[in-house]
Amino acid sequence: MSDEPKSTPVTSDDDLPEQMRVRHEKRARLLERGVDPYPVAVPRTHALREIREANTDLAPDTATGVLVGVTGRVMFIRNTGKLCFATLREGDGTELQAMLSLDSVGADSLSEWKTDVDLGDHVFVHGEVITSRRGELSVMADSWQLASKSVRPMPVAHKQLAEETRIRQRYVDLILRPQARETVRTRASVVRSLRDSFHGRGFIEVETPMLQTLQGGATARPFVTHSNALDIDLFLRIAPELFLKRCVVGGIEKVFEINRNFRNEGSDSSHSPEFSMLEFYEAYGTYDSMAVLTRELIQEAAQAVTGSQVVTLADGTEYDLSGEWTSLTMYGSLSEAVGEAVTPDTPVEHLRKLADRHGLEVDPKHGHGKLVEELWEHLIGDHLHAPTFVRDFPLETSPLTRAHRSELGVAEKWDLYVRGFELATGYSELVDPVVERQRLEEQAKLAAGGDDEAMPVDEDFLRSLEYGMPPSGGVGMGIDRLLMAITGLGIRETILFPLVRPE
RNA sequence: GGGCCGCUAGCUCAAUUGGCAGAGCAGCGGACUUUUAAUCCGCGGGUUCGGGGUUCGAUCCCCCGGCGGCCCA
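I will try to describe carefully the structure that is included in this document. This structure is a prediction, so every number in the text was calculated from the model and none was measured. (Residues numbered from 1 in each chain as written. Chains lettered and ligands numbered in written order. Predicted model: local features only at pLDDT ≥ 70, side-chain atom pairs only at ≥ 80, totals over all residues. Heavy atoms only, no water.)

It is worth spelling out helix α11 (residues 348–357) at this point. If you check which residues of α11 are buried, you get Leu-351, Leu-354 and Ala-355. Buried residues along α11 cover an arc of 100 degrees about the axis, so they all sit on one side. Away from the buried face of α11 by more than 90 degrees, exposed residues Glu-349, Lys-353, Asp-356 and Arg-357 are located. On its buried side, α11 packs onto α10 (330–338) and α12 (368–379). In the stretch just after α11, Gly-359 is the one whose phi turns positive, near 70 degrees. (Buried < 20%, exposed > 50% of the residue type's maximum accessible area, 1.4 Å probe, protein only. Helix = DSSP H or I, 4+ residues; strand = E, 2+ residues; numbered from the N terminus. Arc of directions from axis to C-beta. Contact = heavy atoms within 4.5 Å.)

Next up, the structure:
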C-alpha cells in the first residue's frame, strides 16, 4: 500500500529459501540501478485478448506494423542466446507470446531481461504485433519493463497443486489452474442468472439482518458474537426467513435475498460453516407453485451458464436438469422402501425397529418426525440421482410450515434432491399467528431442554404475523449447492476461500 | 467423536530389511536468433511437520502433539 523508500534493503532474513533470497537480491539490484520493480503504472495500450481477437488469421512470419504495449504474468520463459521468448498471461486467462531479440532491444536490455525476469513476474512489453516462424502470435519487443517483481517462486505449472495448498492459497490455485478461474466466473453467472430470473418475474431483492438478536428461521447451531455498544449477545444469522416474512407482511409480496448464512457446524464435502443462501417468498404462492418456480430458476441458471439444461459435470458425465422433475411423497416412498405402511401415526417404537432392521443407528431422543426423516434420507434420499421433489414432511419437524390442506400429520413442505444431496426446500408458509405461537413455544421448550438447535419464541415476528400475512409460498436454496448441482464440483471448490484451520 | 492414510528441496513426488536423503520441474553459472513444459553442459539447494523414546545408527520402529485427506457415526 504505502510507498516504500527506494533504498529498501534486501531482507535481512537469512532463513529464506535460496530461490526467494535470489529474487530479493534481484529486486534490490534493480532499485540500486534506479529501476522500479513496482512502477505505479505502465503504458499499456491493449489487453492480450484484444490482440488475439484482432489477429486471428495471420500467416507464420508476418509483421503487421502495429505497435502495442501489453502486460502479463510470465508463465513460461524460453531464453536463447540472442532471441528470448516468454508466454504472458493476463487475468482473463488469455496468453500471448512476447519475443525479445538482440536486434530489436539491444544487448543491454536483452541481458537485463535474462537476468532480471523470473517466472511469475508481471512485465510490460512494447513492440510490434507479429507472428513467429512457427506461426505463434507474438509481440516483438522494442522495449520492455518490469510491472511487478515476484519474490516468491511460482509452483511448477505442470503438476497439480496439493489440494490443501489449492484451498489455503487460492491465489496460487487461480494463477495456475484455469478451472479455478472458470469456477469463479461460473458462480458469478449463476448468481446473475438468479437475479435476472427474479427481476423478470417482478421480485424485489432485499437485504435483511445478518446480526440477529434471536436465532430463528431454521434449526441449526448459531455463531454467537457480542455488541459492545448495546452490551448484548448477537447471533450471526442461520437463516433470513423470519425477516423476509416480515417483508411479505409489510406488502413486499414477491421478495428474495441472496446472502450469507452461518452455522456453527463442521464442514465436509457438502457443508460449510458459512454459505450463500437464496430465499424467496411469494404472496399467494403455495409449495406447488414454488416448486415450479424453483425448477425454472435452476433450469435458467444452467442454461445461462452452460448453454444447456443438460449439464456436463466435473467428472465428465452428463446430468439432465431439463423438463419436468419427479415428485414423490416422504411417507409414500418410505412405505414402499420398507415394504409396509408408514404414516404419521406410526409409533416411535416401531420406527426405531425399522431403523434397526435397516442398519441405521438413531439417537434415542429422536421423535417420530426426526426418525421418519432419517429413515427416508438413509433409504431413499441418499440414492436419488435425478432431480426429485420429495413432498409432505412430518409436521412435527417443520415448525414454520403450514399443515397439509388434506393430509393429517404432514406439512406442505418439499425438499429438492439432486444427485443425492438436498439442494432446496420449499413450503406453503404457516401464517396463522396462533398456531405459529404454539409451534414456537414447543421449540422454546426443546431449547430450554438443552437442544441448542431449537429456536426461541420471536415475539416481534409473531407480532408481525398478527397483523396478517397473506397466504404465501417460500423457498430456500443454497447457492453453493446450486453450483455443485450445475458443475459437479465439491463445496470447497465452489467457495473461493473456504474456512480452514490456521496454519 | 471413532477408524484408516498422509506430511521429505520453491512445487510435485521417490527412498529396499533401520545403514551417506534422491528425481523431475524450478533456481544458479555457461552455450544457443524462431522457442511452445525449448534444448545441451555444469553446479547448488533439506530442522524429512514438532517433541520424546528404542538403537552403534531413525525419513523408516514406538509414544505424545499439530495439520490435512478418506471412511464411519
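Another aspect to go through is unusual backbone geometry. Phi angles above zero are rare outside glycine, and Asp-61 is one such case at about 60 degrees. Residue position: Asp-61 is located in the loop between α2 (48–54) and β1 (63–79). Classification of Asp-61 by relative accessible area gives exposed; the value is 54%. Of note, Arg-419 is a non-glycine position whose phi angle comes to about 50 degrees, a positive value. Here Arg-419 shows up in the loop between β16 (410–418) and β17 (421–428). Its relative accessible area of 25% is what places Arg-419 among the partly exposed residues.

Mapped onto the elements of the fold, Arg-463 is located in helix α14 (residues 459–466). The sequence separation of Arg-463 and Leu-354 amounts to 109 residues, and the corresponding C-alpha distance is 42 Å.

The subject of this paragraph is the pattern of salt bridges. Side chains that differ in charge, positive against negative, can pair when their charged atoms come close. Under the definition given, this model contains 38 salt bridges. In this structure, Asp-92 and Arg-49 form a salt bridge, with 2.7 Å as the shortest nitrogen-oxygen distance. Note that Asp-92 is positioned in the loop between β2 (83–89) and β3 (95–101) and Arg-49 in helix α2, a separation of 43 residues in sequence. What makes Asp-92 partly exposed here is its relative accessible area of 28%. (Salt bridge = Lys/Arg side-chain N within 4 Å of Asp/Glu carboxyl O.)

Inspection of the secondary structure assignment puts Gln-443 in helix α13 (residues 433–448). With relative accessibility at 8%, the residue Gln-443 sits in the buried group. Setting aside residues no more than four positions away along its own chain, Gln-443 makes contact with Thr-219, Pro-399, Ala-454 and Met-455.

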